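Below, each chain spelled out in residue letters.
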Amino acid sequence: SMGELIALNRQTPAIHYLTQKDSRLCRLIDLIGEIKYQPYEDGYSFLVSTIIGQMLSNKVADVLFQRIIDMCGGVSPEIMCNIDAEQLRKIGISYRKSNTISELTQAVISRDLDLYKLYSLTDEAVIRTLTSIKGIGMWTAKMYLIFVLDRPDILPFEDGAFLQSYCWLYHTQECSPKDVKERCRIWSPYSSYAARFLYKALDSGLTKKS
């Protein structure tokens with residue numbers, strides 16, 4: 001399920017701040033207009049889909065996630081703890097990802113990982129907690145911070161989709177973590193909101209037009 005609807009537009013103080021700081025981003029924000037979104041409330045299901053989505057196109061990831069739903073009737077720790085890695089491999093999920101999903105499920109069932117507790121942790125502590133599960137890396141943790149916890153200042157420079165849009169917006173091929181961090185420092189403390197406009201540019205096909 002989804003959280004409350006959040007709107008980002010020129011009237012939002014954070015967006016006003018970003019338009020003052022970054023002229024290219026400002027033009028993009030004006031081009032896109034308002035963004036409305038709802039944070040994901042089901043953290044477990046979000047993590048499973050994000051683990052599946054590592055290094056895959058959204059299209060392929062969606063197909064695989066749907067196969068789990070078709071096989072299991074849903075995606076919850078209670079259901080998934082009865083599914084072994086072998087069954088996940090049979091529907092096309094890699095060995096490594098199947099094992100990561102099993103590790104995650106065990107951690108949630110055993111309460112070693114309390115997803116509700118993440119709401120009260122700092123960004124750094126959330127990253128530490130999630131990446132302590134074998135197979136969950138920085139990319140997955142940052143996606144969780146942005147899309148589930150709605151943290152305002154996450155810069156997802158590990159993310160291919162973000163970088164694609166970044167290179168388009170700034171007419172550059174220089175997109176090492178160092179380069180991105182340097183250029184985007186001015187977005188802080190609202191990097192996540194800036195990132196949402198870059199994702200939107202990609203999703204709406206803007207980056208395909210030169």
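Details of the structure are given in the entry above.
For clarity, every value in this text was computed on a predicted model and none was experimentally measured.

Draft legend 1. Examining the pattern of salt bridges more closely. Enumeration according to the criterion identifies 6 salt bridges in this entry. The partner of Arg 151 in a salt bridge is Asp 123, with the nearest N and O atoms 2.8 Å apart. Within this pair, whereas Arg 151 is found in the loop between helix H9 (138–147) and helix H10 (160–169), its partner Asp 123 is found in helix H8 (residues 123–131), the two being separated by 28 residues in sequence. Among the ionic pairs, Glu 158 bridges to Lys 142, the shortest N-O distance being 3.1 Å. Linking Glu 158 in the loop between H9 and H10 with Lys 142 in helix H9, this pair joins segments that are 16 residues apart in sequence.

Draft legend 2. Seen up close, the state of the cysteines. According to the stated counting rule, one finds 0 disulfides in the structure shown. Cys 72 carries a free sulfur, and the closest cysteine sulfur to it, the one in Cys 81, is 11 Å from it. There is no disulfide at Cys 175, and the cysteine sulfur nearest it, in Cys 167, is 3.8 Å away. You can call Cys 175 partly exposed: its relative accessible area is 24%.

Draft legend 3. Structural view of the nonpolar core. Core analysis: the largest hydrophobic core is formed by 68 residues, its most contacted members being Leu 25, Leu 28, Ile 68, Leu 104, Phe 162 and Trp 187. With residues up to four places along the chain from it excluded, the contact list for Leu 104 reads Tyr 44, Leu 47, Val 48, Ile 51, Leu 113, Ile 133 and Ile 136.

Draft legend 4. Structural detail: the packing of helix H1 (residues 13–21) against helix H12 (residues 191–203). Where H1 meets H12, the axes come as close as 10 Å, and the angle between the chain directions of the two elements is 75°. Between H1 and H12, the angle falls in the class roughly perpendicular. Residues Ala 14, Ile 15 and Leu 18 of H1 lie in contact with H12, whose contacting residues are Tyr 193, Ala 194 and Phe 197. Looking at the contact of H1 with H12, its residues break down into 6 nonpolar, no polar and no charged.

Draft legend 5. Seen up close, the environment of Phe 65. Its location among the elements puts Phe 65 in helix H4 (residues 58–72). As for Phe 65 and Ser 45, which are separated by 20 residues in sequence, their C-alpha atoms are 9.6 Å apart. Not counting the four nearest positions on each side in its chain, Phe 65 is found in contact with Ser 45, Val 48, Ser 49, Ile 52 and Val 75.

Rules and cut-offs
- In this numbering scheme, every chain counts its residues from 1 along its sequence in written order.
- Residue-level local features of this predicted model are given only where pLDDT is at least 70; pairs of side-chain atoms are given and counted only at 80 or more, and the full residue set underlies all totals for whole chains, interfaces and linings.
- As a rule here, side-chain values come from all non-hydrogen atoms in the structure, and water together with hydrogens is ignored.
- Take a side-chain nitrogen of Lys or Arg and a carboxyl oxygen of Asp or Glu: if they are within 4 Å of each other, that pair is a salt bridge.
- What counts as a helix is a DSSP run of H or I of at least four residues, what counts as a strand is a run of E of at least two, and both are numbered from the N terminus.
- Disulfides are defined in this document as cysteine sulfur pairs within 2.5 Å.
- Categorising residues by exposure relies on relative accessible area from a 1.4 Å probe, with only protein chains included: less than 20% of the type maximum marks a residue as buried, more than 50% marks it as exposed, and the intermediate range marks it as partly exposed.
- Buried Ala, Val, Leu, Ile, Met, Phe, Trp, Tyr and Cys residues form a nonpolar core when they are joined through side-chain atoms within 4.5 Å.
- Whether two residues are in contact is decided by their heavy atoms, any of which lying within 4.5 Å being enough.
- Angles run from 0 to 180 degrees between N-to-C directions of axes, and those axes are lines fitted to C-alpha atoms, restricted for helices to the stretch in contact.
- Roughly parallel means an angle under 35 degrees; roughly antiparallel, over 145; roughly perpendicular, 65 to 115; everything else is oblique.
- In this count, Pro and Cys sit with the nonpolar residues alongside Ala, Val, Leu, Ile, Met, Phe, Trp and Tyr, while Asp, Glu, Lys and Arg are called charged and the others, Gly among them, polar.

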